[in-house]
Amino acid sequence: MEITSANFKSVLPQIRSAIEDSVFISFDTEFTGLNIKDAPSVGPYDTAPEAYEKLRQSANFSVIQFGLCTFHEDPDDGRLTHKAYNFYTIPTHDNFLCQTDSLKFLVNHGMDLNKVFKDGIITLRKEDRDVKVAFLEEKLKAVKERASKPQGISQNLQASDGQKEVVASIKTKIEAFLESDDEELVLGNFNSFQRLLLHQLIQNDFDNKVFLLTKRGEGRNVSLHAYKGGVADKIKREESQIQEEIIELQGDCGMSAVLSAIKTSGKLVVGHNVLLDVIHTVHQFVDNLPEDMKSFKRLVSYTFPRIIDTKTLATQTVLVDKLETSTLEPMVKCLQEPPFQLIDAPPVTGSQGYSLDGGLAHEAGFDAYLTGLCFATMVKYLDKDNENFRIKTVSPKVLEAHINKLPYVFYGDLPGFFDLNKDEPIVNRDHVFHMQVPTHWNTGDISKLYSPFGGVKISWINNKECLVELFKKGEAKKVKSVIGKSSTSKNFTLQTLASYKQETKSENKRRRGDSERGSDRQASKKQKASL
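Being a predicted model, the structure only gives us computed values, none of them experimental.

Visitor: Help me understand the packing of helix 1 (residues 8-21) against helix 9 (residues 255-265), please; the structure alone is not making it clear to me.
Guide: How two helices sit against one another is set out by the angle between their axes and by the gap between those axes. Between helix 1 and helix 9, the least distance of the axes is 9 Å, while the angle of their chain directions is 15°. Put simply, helix 1 runs roughly parallel to helix 9. Viewed along their axes, helix 1 and helix 9 form a crossing whose handedness is right-handed. Between helix 1 and helix 9, the residues in contact are Phe8, Leu12, Arg16, Ile19 and Glu20 and Met255, Ala257, Val258, Ala261, Ile262 and Ser265, respectively. Tallied by class, the residues present in the contact of helix 1 with helix 9 amount to eight nonpolar, one polar and two charged.

The structure is reproduced here in structure tokens:
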């Protein structure tokens, strides 16, 4: 089901019910970019805090589609069905960051960007909600103060012939409204000048009989409504309307209402290669990403109390020897071949959903559906000793070791995870070195250099820099002594991983300082130009 600002509020109760009735939930997001230019990417030997610092920068891109699938299990035969929801969302950030290639890719796969900007669901983060609540509280205070002052429109507005027709039509409607038993009359949408004309009409022709208020409907529609009564009634209704808005903002609204339902349900949330999805979701719909990783982990645990990554199951269990790939769509095809049998989960009767032949790759809802199918199939294979397999009663040994571990890198000496339940282990990497080599060097040249020490695993950074990991960790001291001494004559440099990271950190700090000073100078120039 497609969800936009136009139908979000009316469908929300159904979504909450689907979440509560599910055995697990899968989700996926589509965002406006992946990599900020010149920003450092996560490396194979980054610690969790180092990886988080780099990944935080990508959160400046925006989620424009959020896909959610709830999977339901028949208690008698274990048959799975699903309900699918594809949300169009738009950020409230002042700046909208995107990459041309990313948007082009999404459009080529059916993304309707007009729908994103026209009908996207707006979600205020906690910080933004607090600001808006404070504004509404001031507005409420002003309304109460206005109750003791005389009301009226001082200017005498002159309407054009076309505007006179509009005013005359509304006057007729209001006269009929006053003769009816109706308590409210929806007048429609008007521009600011037309609204002033109508307020003037009410004051001149219907003083203390009718008052007008603007009212926000679903989506971004704002319409003018007429009510019976005088100034006191208007102020009372205004106060009530503002108080309702404050209560709504202090609770859950927009996508935060969906995330709150997921959190409250306690259901397992499934994603594929999910870390960036989590980072973007939390940043756009919950709160600003904290600067330190531990605070980030607490924020994620608050949002997703139980979460698992299918890519982890594909690479960190016995499945690694059974699957040719851990990329989502090719993995679905692998799971359709022996020794697997891809679990079928058609849409719940009477609801909208997906099928494998839908051809909707990279629609967030469809990718969430594929993720759910992969998860159910993998879990069934891993729990194959369970003759009466059910998702609801899957053996704890199958999942518990992987729940709340979000991988940030799958290569290097060890897979890297953000463990939401505890601190990550400290890994000794004294056997890893950074090299800067001539541009004509290749992998063979470096491998030959280290062959007397048992060989190395090489990870290229660019065409002149690489990281080398000794297969024999005990040879690290010899390498520093022997190869380090020959580096000058052979025109390359060698340093420990720790030393390289410290230099890089200092250089990045310097660049940020230069960039901030440049931004300050630009702002100063603009300010002077405006004087």
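So that's the structure; there's more coming.
Visitor: Got a minute to help me understand the packing of helix 6 (residues 161-179) against helix 7 (residues 192-205) in this structure?
Guide: Two numbers describe how helix 6 lies on helix 7: the axes approach to 10 Å, and their chain directions differ by 50°. Here helix 7 runs oblique to helix 6, going by the angle between their axes. In the crossing of helix 6 with helix 7, the sense of the turn from one axis to the other is right-handed. From helix 6, Gln163, Val166, Val167, Ile170, Lys171 and Ile174 reach across to helix 7, where they touch Phe193, Gln194, Leu197, Leu198, Leu201, Ile202 and Asp205. A breakdown of the residues in the contact of helix 6 with helix 7 according to their chemical character gives nine nonpolar, two polar and two charged.

Visitor: Hey, could you run me through helix 3 (residues 100-108) in this one?
Guide: At 3.6 residues per turn, the α-helix brings residues three or four places apart onto the same side. Restricting attention to buried positions, one finds in helix 3 the residues Ser102, Leu103 and Leu106. Along the axis of helix 3, the buried positions cluster into a sector of 95°, meaning they face one direction only. Across from the buried face of helix 3, at angles greater than 90 degrees, the exposed residues are Thr100, Asp101, Lys104 and Asn108. If you follow the buried residues of helix 3, they end up packed against strand 2 (24-31), strand 3 (63-73) and helix 4 (113-119). Looking one or two residues past helix 3, Gly110 carries a phi angle of roughly 95°, positive in sign.

Visitor: So what exactly am I meant to see when it comes to the pairing of strand 4 (residues 80-90) here?
Guide: Side-chain positions along a regular strand alternate between the two faces of the sheet. By the criterion of burial, strand 4 is predominantly enclosed, with eleven of the eleven residues buried. Burial of strand 4 is two-sided: the residues Leu80, His82, Ala84, Asn86, Tyr88 and Ile90 facing one way and the residues Thr81, Lys83, Tyr85, Phe87 and Thr89 facing the other way are all buried. Linking strand 3 back to strand 4 in an antiparallel pair, the connection comprises six residues, with Gly78 at a positive phi of about 75°.

Visitor: Even after reading the chapter, I still don't get the pattern of salt bridges, so can you show me in this structure?
Guide: Overall, the coordinates contain seven salt bridges when judged by the stated rule. Asp46 is the salt-bridge partner of Lys54, the closest N and O atoms lying 2.8 Å from each other. Residue classification places Lys54 among the partly exposed positions, given a relative accessible area of 22%.

Visitor: Which parts of the structure should I look at to understand the sheet that holds strand 8 (residues 222-228)?
Guide: Sheets are built from strands paired through backbone hydrogen bonds, the pairs being either parallel or antiparallel. Read from one edge of the open sheet, three strands run 6-8-7, paired in antiparallel fashion. Either end of the sheet is taken by a strand with one partner, and the two such strands are strand 6 (184-188) and strand 7 (210-216). Here the average twist between neighbouring strands, direction ignored, is 30°. As defined by bridge partners, strand 7 adjoins strand 8 across seven bridges and the pair is classed as antiparallel. Residue pairing in the sheet places Lys215 in a bridge with Ser223 of strand 8.

Visitor: Whenever I open this one, the sheet that holds strand 13 (residues 432-436) confuses me. Can you help?
Guide: Spatially, the four strands line up as an open sheet ordered 14-15-13-16, and their pairing is antiparallel. Edge positions in the sheet fall to strand 14 (456-462) and strand 16 (493-496), since each has one partner strand and no second. In this sheet, neighbouring strand axes are inclined to one another by 25° on average, regardless of whether the strands run parallel or antiparallel. Bridging between strand 13 and strand 15 (residues 465-470) involves five bridges; their strand directions are antiparallel. Bridging from a neighbouring strand, Val432 pairs with Glu469 of strand 15. Packing of helix 16 (residues 443-450) onto the sheet brings it into contact with strand 13, strand 14, strand 15 and strand 16, and relative to strand 14 it is tilted by some 140°. Its contacts with the sheet put helix 17 (residues 476-486) on strand 13, strand 15 and strand 16, and the angle it makes with strand 16 is roughly 155°.

Visitor: Would you mind going over the pairing of strand 14 with me for this structure?
Guide: Bridge count for strand 14 against strand 15 is six bridges, and the pairing is antiparallel. In the sheet register, Trp460 faces strand 15, and the bridge partner there is Cys466. As consecutive antiparallel partners, strand 14 and strand 15 are separated by two residues.

Visitor: Would you explain unusual backbone geometry in this entry?
Guide: Residues apart from glycine generally show negative phi values, whereas peptide bonds are mostly found in trans. Put simply, Pro338 and Pro339 share a cis peptide bond, and its omega is 10°. Not every positive phi belongs to a glycine, and Asn273 is a case in point at roughly 50°. Relative to the helices and strands, Asn273 is located in the loop between strand 9 (268-271) and helix 10 (275-285). If you check the backbone angles, Asn404 has positive phi at about 65° while not being a glycine. With respect to the helices, strands and loops of the structure, Asn404 is situated in the loop between helix 15 (396-399) and strand 11 (405-409).

Visitor: For this particular structure, what's the right way to read the nonpolar core?
Guide: A general tendency of soluble globular proteins is for nonpolar side chains to be buried together. One finds Leu68, Phe87 and Phe418 to be the most contacted residues of the largest nonpolar core, which totals 47 residues. Leu328, Met331, Cys374 and Val398 belong to the second-largest nonpolar core, a separate cluster that totals 40 residues.

Visitor: Honestly, the side chain of Thr70 in this entry has me stumped. Any pointers?
Guide: Within the secondary structure layout, Thr70 lies in strand 3. Of the polar contacts made by the side chain of Thr70, one reaches the side chain of His72; its length is 2.8 Å. Once residues lying within four places of it in the same chain are set aside, the contact partners of Thr70 are Ala18, Ile19, Ser22, Phe24, Ile25, Thr81, His82, Lys83 and Tyr85.

Visitor: Teacher, can you tell me more about the packing of aromatic side chains here?
Guide: Each aromatic ring pair is specified by the distance between its two centres and by the angle formed by the two planes. Under the counting rule described, the total for this entry stands at 18 aromatic pairs. Between Trp441 and Phe492, the ring centres sit 5.5 Å apart and the planes meet at 50°, which makes this aromatic pair tilted. Separated by 51 residues along the polypeptide, Trp441 in the loop between strand 13 and helix 16 and Phe492 in the loop between helix 17 and strand 16 bring together distant segments of the chain. Both residues of the pair, Trp441 and Phe492, count as buried. In this arrangement the basic side chain of Lys228 is found over the ring face of Phe177, its NZ or CZ atom lying 5.0 Å from the centre.

Visitor: Whenever I open this one, the side chain of Lys267 confuses me. Can you help?
Guide: Considering the arrangement of structural elements, one finds Lys267 in the loop between helix 9 and strand 9. Of the buried charged residues, Lys267 lacks a salt bridge, with Glu20 as the closest side chain of opposite charge at 4.6 Å. Separated by 2.5 Å, the side chain of Lys267 and the backbone oxygen of Glu20 make a polar contact. Within polar-contact distance, the side chain of Lys267 engages the backbone oxygen of Ser22 at 2.8 Å.

Rules of the game
Residues numbered from 1 in each chain as written. Predicted model: local features only at pLDDT ≥ 70, side-chain atom pairs only at ≥ 80, totals over all residues. Heavy atoms only, no water. Axes fitted to C-alpha atoms, helices over the stretch in contact; angles between N-to-C directions. Helix = DSSP H or I, 4+ residues; strand = E, 2+ residues; numbered from the N terminus. Parallel < 35°, antiparallel > 145°, perpendicular 65-115°, else oblique. Left-handed = near helix turned anticlockwise from the far one by under 90°. Contact = heavy atoms within 4.5 Å. Nonpolar A, V, L, I, M, F, W, Y, C, P; charged D, E, K, R; others polar. Buried < 20%, exposed > 50% of the residue type's maximum accessible area, 1.4 Å probe, protein only. Arc of directions from axis to C-beta. Pairing = 2+ DSSP bridges. Salt bridge = Lys/Arg side-chain N within 4 Å of Asp/Glu carboxyl O. Core = buried A, V, L, I, M, F, W, Y, C linked by side-chain atoms within 4.5 Å. Polar contact = N/O pair within 3.5 Å; in protein donor to acceptor, adjacent residues only side chain to side chain. Phe/Tyr/Trp six-rings, centres within 6.5 Å; stacked < 30°, edge-to-face > 60°. Lys NZ or Arg CZ within 6 Å of the ring centre and 35° of its normal. Lys, Arg positive; Asp, Glu negative; His and termini not counted.

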